[in-house]
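Structure assessment
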Amino acid sequence: SSDLAWETYSQNDQFDGNHSSNGDIVIFKYSTQGNFFWKSYIGGSETESLGDLHQTSDGGFILVGTTKSSDGDLSLNRGGSDIMVAKLDAKARIEWVRTLGTKYNDHGNAVRELPNGDYLLGGDIGAPKPVGEELPHAGYECYLARLSPTGNVKWTQYYGGTGNEKVVDIQVLGDNNFLIISN
């Protein structure tokens, strides 16, 4: 079977479960013969966009993206846009959703499951970093967060130079380390 995911701005026909015309993330499951199985939406009344989605070892899904909502499936917005990470079961029903970031515009771009079941996500955050600490440089900084299998934040890291940087991909290595690809 195949899984497809993207954001939608429609609220009719195939997209009748969408939260708003501002944009939700929608996930469809089809067979390789094109037979439809199910669809699922994640979002609120504001804009959501998908950064990355992968199937997890339990048959579910982990996704990361960007949200401006504080309602619907999302209960907190820190200001501007936030990083959104969601764990879904095998039928794309929400197990948990978290938002991370600053009061400025933050973006979720990449996520991977680690061998122990934790999740590593990457993106970019605007200055200043969460809870009043200043970032070392202006502009956007690369942002990493490690979450437990239940979505609790274990640690966060950020890095960058005097310009704008963002994490665009994460590769998990066989030695339990990982590569972060940024630009």
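Thresholds, definitions, all that
- Residues numbered from 1 in each chain as written.
- Predicted model: local features only at pLDDT ≥ 70, side-chain atom pairs only at ≥ 80, totals over all residues.
- Heavy atoms only, no water.
- Helix = DSSP H or I, 4+ residues; strand = E, 2+ residues; numbered from the N terminus.
- Buried < 20%, exposed > 50% of the residue type's maximum accessible area, 1.4 Å probe, protein only.
- Polar contact = N/O pair within 3.5 Å; in protein donor to acceptor, adjacent residues only side chain to side chain.
- Pairing = 2+ DSSP bridges.
- Axes fitted to C-alpha atoms, helices over the stretch in contact; angles between N-to-C directions.
- Salt bridge = Lys/Arg side-chain N within 4 Å of Asp/Glu carboxyl O.

A few words on the side chain of Asp89. Its place among the elements puts Asp89 in the loop between β6 (82-88) and β7 (94-100). You can call Asp89 buried: its relative accessible area is 16%. Within polar-contact distance, the side chain of Asp89 engages the side chain of Arg93 at 2.7 Å.

Once that is clear, we can look at the sheet that holds strand β8 (residues 107-113). As summarised here, the arrangement of the 4 strands in space is β8-β9-β10-β11, forming an open sheet in which the pairing is antiparallel. Sheet topology places β8 and β11 (153-159) at the edges, where each strand pairs with a single neighbour. The mean inter-strand angle of the sheet, taken between neighbouring strand axes irrespective of direction, is 20°. Two strands pair when backbone bridges link them, and strand β9 (residues 119-125) and strand β10 (residues 141-147) are joined in this way by 7 bridges, in the antiparallel orientation. Counted as the bridge partner of Gly123 is Tyr143 from β10.

So, about the pattern of salt bridges. All told, the structure shown has 7 salt bridges when counted by the stated rule. Residue Glu95 pairs with Lys87 through a salt bridge whose shortest N-O separation is 3.7 Å. Among the residues examined, Glu95 registers a relative accessible area of 45% and is labelled partly exposed. Overlapping salt bridges, with partners in common, bring together Asp52, Arg112 and Asp169 in one network.

Here we take up the pairing of strand β12 (residues 167-172). One ladder, built from 5 bridges, connects β12 with strand β13 (residues 178-182); its direction is antiparallel. Bridge pairing in β13 places Asp169 opposite Ile181. In this antiparallel pair of consecutive strands, β12 and β13, the connection spans 5 residues, and Asn176 shows a positive phi of 70°.

A separate point is the environment of Gly59. The topology assignment puts Gly59 in the loop between β4 (48-55) and β5 (61-67). Classification of Gly59 as partly exposed rests on a relative accessible area of 22%.

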